[in-house]
Every structure is written in C-alpha cells, then in structure tokens.
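Residues per chain, in single letters:
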Amino acid sequence: MHLNKSSRQHQTKATIFSAVFIGLGQLYNKQYLKGLIYMILAQLFFWNYYPVAYKGIVGFITLGDVPTKVIQGKVVQGDHSIFLLINGLITFIVILLYLGFYFMNIYDARKNGALRDEGKCAPRFKDSIQTMKFRKLPYLLLLPAAFFVLFVTVIPLLFNVLIAFTNYSAPGHIPDRALVDWIGFRVFYDLFAQESWRSTFFGISVWNLIWATVSTTTVFLSGLLLAMMVNHPKIRFKKFWRTIFILPWAVPQFISILVFRVLLNGSFGPINDLVTKLGFSPVPWLSDPTMAKVSILIVNLWFSTPFLMALMSGILTTMPRDIYEAAEVDGASKLQNFFKITLPLVLLATAPIFIMQFAFNFNNFNLIYLLTDGQPNNPDYYYAGSTDILISWIFKMTLNQSQFNMASAVSIIMFIFIAIFSLWNYRRMKSNQAEDLV
C-alpha cells in the first residue's frame, strides 16, 4: 500500500530519532528493550573506544612525531611508525563497523516505523530474536569467518598498499630508529623515472610475461598432445602409461626442484657429466642467462604437464564422436580435425583453468627461487638477477634489501595487471560460450 507524506509520520520520526541518537528510534517505536540495548552498546563502545580511536587516527596521519633517541647512553623509545600505521588502519576498520551498526539502527527504526504507519505493531524483542534466529541465521554463522578474513586478509592487503605511499625503506627510514613519512606517489614516480629502477622493472616484466605465456602455452599443448597419444585407440596398456606420466606430479615439487638443481649443475651435475663423456662441451644450464631461462621452461614442463594431461584425458573422453565421424565423411584430415574440432572444444572447456594457470605461472615463486634463485647476475638490474620474475624480485627487495615501499608499489602494479587480464579473459570466455549456446 502506497503511503503519502502525512501517513509516514512514524517512519520519518523514527528515522530522525535514530539518526540523532542510536536507539532513540526504537524507543519511539515502543521497542523499549531493543532501544535500551542499542543505546547501551553504542555508548559503551563510543566512550571506551573514543580515546583509542583519536590516538589511532592521529598516529595514522602523522606516523609519529618523536623518534627513538640515545641520551647519555640510554635509549629513549620513540614512536614506531609502522605500529602507528597498523593501529590506525585497524581503527578505521573498527569505525566503519561502528558506522555499519549506526546505519543498521536507522534502517531498523525506519522499517518498524513504516509498520506502525500501516497500523501494525512493531515486533517485540522476543519476535526480533526469533526472526534473527531463523531468517538471519546464515549471516550470524558467517560473522566469525567474515571477521577472520577481515583481520587476516583484508587488513594485511590494505597495509601492503599503504606502504607504497611511504618512505619505509633502508637505510634511513626503518623504525624504530627512524620515523616513516607519507610521500604520496613518489615511489611510483621513482620506479618509472629513475633509470636503475625503470630498466630493472621493465626488463623483469618482459621476461615475466614471456615466462608466463610460454610456460602456460607449452604445458597446455604438451598436456593435450600427451592425452591424445594415451587415448589413441591403437595404444595398449592405457592405465600403465597414465600412471607413469602422472608420477612427476605426485612427487612433491620442492624435492623435484632441488633434484633438478643438482642435475643441471654446471660443475658436477650428472647431465653435464654425461654430455662431456659423449664428447660435447658442458652446457651452462643455470649459469648462462638464456640457457637458465630455457632450463626453467623445461623443468616447468616436467612438473605441470601431468596435471594437464589428466585434465585433457577427461575432456577428450567426453567429446561427441559424431562430430569426428561427420568430419571424416566430409574428407577432413586428422590435422584439420585437431585444429577445427579438438583444439576449439578443449579451449572452450578449459578456458578458466588456462587463465588460472597463466596467473599461477606469472607468480610462480617456488620454481624460480629454488631452481636458480634468480641467477645468473645481471649488472643492469637493481637487486635482481637474469631469471628473476616480479614476485622473486619483490621477495629480494623485501627480505634482503628492506626496500619495502618499492616492493609494495611493484606488487600493486602486478595485482592490477593480473586482475585486468583475468577479468578481460573471463568476459571474453563468457561471451564466447554464450555465442556457442545460441
């Protein structure tokens, strides 16, 4: 039923009362117990948390005023900028939660005021509890998980973003010996304006893109070809071959990478020992920049192909045979069948996994760090080696060089790139699937 302005007086008054003072709208709607609970909770929180919130906001804005000093041989502890930043961030999150409680109070008063305008009574406290128990139980059950994600995932991510806008780095701005300051977008400017940072960033980014694209494509194609070979009608002992090919995936990657690091060692590795016995010169698998990158791609092929093979085998077994029979009738060759039928259908079915595999390879820290540690050295790079990708470069800048602000800036750029790439591909994939269904 539509209510005019004059008939919405209870709704309007309850909304204004709750907006002015938490719980007052509930009292106006004759929900006395609920209104008192809202008032007590709001007042207890406000008056107890107000001093903490004030200090948290001031500390977040200033990041400290008093540095640690040594006076007459004694260390006088000053402000710790990073602790102030974290406390301020938590303060803002708590304030947002309090504002959510405030608007929930207004919404509740407005809704129950509308019921009174319709000639109904506002629900009693007991009825509200029953409604919350049955209708809003899923939200109540999700609250612990939501708080866990908030303080374990969201706050650390926000902290990582904020660090990019400070001068938190070695040697002169490491708490608690020195204070950290807000510097705006200067870190991003330095990343692209200073030659040393710019050449390193673009050099590593190009290799990162090549690595992610080539590794994802080669693994995809090798997995598909291996699955087609195993599933060929003339191949016998299919279970045996599937078991043999899946073994590299079953072995823990950490152990396998270390084994490959020994095998490919240029000085005493078994592979080079065999090469020299055959009369050839030793191959600089991990010491030459180009060969080191090729070695990474080969080792990744060993690790990732079994998973794609198992996935492709499942897809190939579900493909309709009548399409191939119709193509044979039309005189299509096996090569045409592969490029016109098999590959498009497999790509359609595995598009999300293909995108996930690209994102995973783009940030494949384990393989790079454990196999080459970013080596060999590159004199043109700043804190990085020839085979470093962005994530391993960030690791070195953070733990080895204490360049926290620059590492944070690079990680933000990485996130933006991966997010845009994934969203663009998912949208294309969704539109392509819609076209195929028409």
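Residues numbered from 1 in each chain as written. Predicted model: local features only at pLDDT ≥ 70, side-chain atom pairs only at ≥ 80, totals over all residues. Heavy atoms only, no water.

As annotated in an unreviewed UniProt entry, the chain carries the name Maltose/maltodextrin transport system permease protein and is attributed to Paenibacillus selenitireducens. One UniProt comment on the chain, placed under Subcellular location (unreviewed entry), says "Cell membrane". (UniProt positions renumbered as here; feature names shortened; annotations may be inferred.)

**Q** Can you help me understand the overall build of the chain in this one?
**A** Within the chain, the regular secondary structure consists of 17 helices and 2 strands. Seen along its three principal axes, the alpha-carbon backbone of the chain occupies a region of about 95 × 80 × 35 Å. Across the 438 residues of the chain, 37% fall into the buried class. Sequence separation of 24 or more characterises 68% of the internal contacts of the chain that already satisfy a separation of 6 or more. Within the chain, one finds 35 positive and 21 negative side-chain charges whose respective centroids are separated by 12 Å. (Helix = DSSP H or I, 4+ residues; strand = E, 2+ residues; numbered from the N terminus. Buried < 20%, exposed > 50% of the residue type's maximum accessible area, 1.4 Å probe, protein only. Contact = heavy atoms within 4.5 Å. Lys, Arg positive; Asp, Glu negative; His and termini not counted. Charge placed at Lys NZ, Arg CZ, Asp CG, Glu CD.)

**Q** Sorry, what's going on with the environment of A409 here?
**A** Examined against the element boundaries, A409 turns out to sit in helix α17 (residues 404–437). For the pair A409 and F165, spaced 244 residues apart in the sequence, the C-alpha separation amounts to 8.1 Å.

**Q** I tried to follow the pattern of salt bridges on my own but got confused; where do I start?
**A** Should their charged atoms come close, side chains of opposite charge can pair. If you walk through the whole model with that rule in mind, you get 5 salt bridges. With its nearest N and O atoms 3.2 Å apart, the salt bridge here joins D108 to K34. Placement of D108 in helix α4 (residues 81–117) and of K34 in helix α3 (residues 32–62) is noted, with a sequence separation of 74 residues between them. Of the residues examined, D108 reaches a relative accessible area of 10% and is grouped as buried. For K34, a relative accessible area of 10% corresponds to the buried category. Residues D388 and K396 are paired through a salt bridge, measuring 2.7 Å at the closest nitrogen-oxygen approach. A relative accessible area of 10% means that K396 is categorised as buried. (Salt bridge = Lys/Arg side-chain N within 4 Å of Asp/Glu carboxyl O.)

**Q** Which parts of the structure should I look at to understand the nonpolar core?
**A** Within soluble globular proteins, side chains that are nonpolar tend to cluster in buried spots. Counting 25 residues, the largest nonpolar core has L191, F362, L390, W393, M397 and V410 as its most contacted members. When contributions to this core are tallied by element, the ones reaching two or more residues are α7 (186–193), α8 (195–230), α14 (334–362), α16 (390–400) and α17. A total of 7 residues in this core trace back to one element, the largest contributor, which is α17. Not counting chain neighbours up to four residues away, the residues in contact with L191 comprise W197, R198, F201, W393, M406, V410 and I413. (Core = buried A, V, L, I, M, F, W, Y, C linked by side-chain atoms within 4.5 Å.)

**Q** Is there a simple way to think about the UniProt feature "transmembrane region" (unreviewed entry) in the chain in this case?
**A** UniProt records the feature "transmembrane region" (unreviewed entry) at residues 82–103, 139–165, 206–228, 240–264, 294–317, 338–360 and 404–424, using the numbering of this structure. What you have in residues 82–103 is 100% helix and 0% strand, and the ends, taken at the C-alpha atoms, are 32 Å apart. Taken end to end, residues 139–165 is 93% helix and 0% strand, and its first and last C-alpha atoms sit 36 Å apart.

**Q** I would appreciate a short explanation of the packing of aromatic side chains in the present structure.
**A** Aromatic ring pairs are reported here in terms of the distance separating the ring centres and the angle at which the planes meet. Counted according to the given criterion, the structure contains 35 aromatic pairs. Taking the centre distance of 5.3 Å and the plane angle of 70° together, the rings of F17 and Y28 count as edge-to-face. Within this pair, whereas F17 is found in helix α1 (residues 9–20), its partner Y28 is found in helix α2 (residues 24–28), the two being separated by 11 residues in sequence. When its relative accessible area of 30% is taken as the criterion, F17 is described as partly exposed. Its relative accessible area of 22% is what places Y28 among the partly exposed residues. Ring centres of F60 and W182 lie 5.4 Å apart, and the angle between their planes is 55°; on these two criteria the pair is classed as tilted. (Phe/Tyr/Trp six-rings, centres within 6.5 Å; stacked < 30°, edge-to-face > 60°.)

**Q** Before we go on, may I ask you to explain the UniProt feature "domain: ABC transmembrane type-1" (unreviewed entry) in the chain in this structure?
**A** With numbering matched to this structure, UniProt assigns "domain: ABC transmembrane type-1" (unreviewed entry) to residues 205–425. What you have in residues 205–425 is 75% helix and 0% strand, and the ends, taken at the C-alpha atoms, are 20 Å apart.

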